[in-house]
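Each chain, letter by letter, is given below.
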Amino acid sequence: MNVLALVDVYKNSPRLFQLADRLSFAQPQKIQLENLRGSSSQFVVASVLQHASCSQLNHLIVLNDAEDAAYFHNTLENITGALDLFYFPSSFKQRKNFNLINSSHLMLRTEALTKIAASPPTPLLAERGVVRRKVIVTYPEALFEKVVLPEALSSNIIFIKNGDTLDTDGLLLKLSDYGFERTDFVYEPGQFAIRGGILDIYSFGNDKPYRIELFGNEVDSIRIVDPETQLSERRLLQVSIIPNIESQFTDQEKISLLSFLPENTVVWMQNTELVKDRLLECEKELF
């Protein structure tokens, strides 16, 4: 039996129908799943994602620690092939050191928050079967960190598309204000470089930088760049440049991830009491 066939077995089981039906209720539900072994929890979630009554629900999945979360995310990704499935780690390299930022983790967090902050689907898109649900897999230490308000994040994104006329000096100044560093070549998030009519920008929310080729002040082309070879790859019609969400916003502009997420979000927890204890530990370590 292959993976897809096994998902169908889960999806068509009476208990899964009962679970999906309760999750689709308008009123909040508290449900406890027991006796899940091995990868069965991932198959349950994968089956719920594919169930018609849950097609417009977002999901936050909180595992006990970073290792469990990474394993769960990888397994769920292999089962579903979902594009809007995000691993949401802590921003820091070390649990008790809040000064050492992990740039790759910051990029993953930024990507997830940016996608969630995007406009929700209209009723017409929903009727056409266009699904924009998001699935976030995380753990207590990452959940403890506050995130930027959706409106603050969306209003600070720079959009650039082919044919735009850029105020280059103003753009470079804005990039500096957004926490970007000017370098000779871009090789990690938060850097930009300009050479003649070529502007390279490594956004905080992407795994590869953008190369914007200018003809005068007009955007002639936009490409993705390989940070190792510095060679251009495929072309794009438009891009969004995202600021450093961890350093460019005040505490007043930040909220908990639970408050950031849309109301139609299902929260899954591996161990509720353990998550609560870990969050209290994080609070003690902070002070």
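Whatever comes next refers back to the structure up there.
Everything numeric here is computed off the predicted structure, so don't read it as measured data.

K.L.:
How would you explain unusual backbone geometry if you had to name every residue and give the values?
P.N.:
If you check the backbone angles, N35 has positive phi at about 60° while not being a glycine. Along the chain, N35 turns up in the loop between helix 2 (14-23) and helix 3 (40-49). Using a relative accessible area of 63% as the deciding quantity, one classes N35 as exposed. With phi around 65°, Q230 is a residue other than glycine that occupies positive phi space. Mapped onto the fold, Q230 is located in the loop between strand 12 (218-225) and strand 13 (232-236).

K.L.:
Lay out the sheet that holds strand 16 (residues 265-269) with the relevant residues and their values.
P.N.:
Pairing in this open sheet of four strands is parallel, and the strands run 2-5-1-16 from one edge to the other. Each edge of the open sheet is held by one strand with a lone partner, namely strand 2 (85-87) and strand 16. Each strand of the sheet is rotated relative to its neighbour by a mean of 15°, with strand direction disregarded. Both strand 1 (residues 58-62) and strand 5 (residues 135-138) contribute to a ladder of four bridges, which runs parallel. Counted as the bridge partner of L60 is I136 from strand 5.

K.L.:
Give a description of the packing of helix 1 (residues 3-11) against helix 3 that names residues and reports values.
P.N.:
The geometry of a pair of packed helices is captured by two quantities: the angle between their axes and the separation between those axes. Relative to each other, helix 1 and helix 3 sit at 75°, their axes nearing to 9 Å. The pairing of helix 1 with helix 3 is recorded here as roughly perpendicular in orientation. Note on element contacts: helix 3 touches helix 1 through S40, F43, V44 and S47, opposite V3, L6, V7, Y10 and K11. For the contact of helix 1 with helix 3, the per-class residue count stands at six nonpolar, two polar and one charged.

K.L.:
Residue-level account of the layout of surface pockets, with values.
P.N.:
Its volume calculated, the largest pocket comes out at about 1,100 Å³. Around the largest pocket, the lining is made up of 38 residues, and of these I31, V266, V267, W268 and M269 lie nearest the centre. No other element matches strand 16, which puts five residues into the lining of the largest pocket. Among the residues forming the lining of the largest pocket, the class breakdown is 20 nonpolar, 13 polar and five charged.

K.L.:
So what's going on with the packing of aromatic side chains? Residues and values would help.
P.N.:
This structure, assessed with the given rule, holds three aromatic pairs. Ring centres 5.4 Å apart and planes at 20° place the aromatic pair Y10 and F43 in the stacked group. Here Y10, found in helix 1, pairs with F43, found in helix 3; they are 33 residues apart in sequence, far enough to count as distant. Since its relative accessible area comes to 9%, F43 is described here as buried.

The rules behind these values
- Residues numbered from 1 in each chain as written.
- Predicted model: local features only at pLDDT ≥ 70, side-chain atom pairs only at ≥ 80, totals over all residues.
- Heavy atoms only, no water.
- Helix = DSSP H or I, 4+ residues; strand = E, 2+ residues; numbered from the N terminus.
- Buried < 20%, exposed > 50% of the residue type's maximum accessible area, 1.4 Å probe, protein only.
- Pairing = 2+ DSSP bridges.
- Axes fitted to C-alpha atoms, helices over the stretch in contact; angles between N-to-C directions.
- Parallel < 35°, antiparallel > 145°, perpendicular 65-115°, else oblique.
- Contact = heavy atoms within 4.5 Å.
- Nonpolar A, V, L, I, M, F, W, Y, C, P; charged D, E, K, R; others polar.
- 1 Å grid on protein atoms, 1.4 Å probe; cavity = no way out; pocket = protein on both sides within 12 Å on 5 of 7 lines; lining within 4 Å.
- Points joined across faces, edges and corners; volume = space filled by probe spheres on them.
- Phe/Tyr/Trp six-rings, centres within 6.5 Å; stacked < 30°, edge-to-face > 60°.

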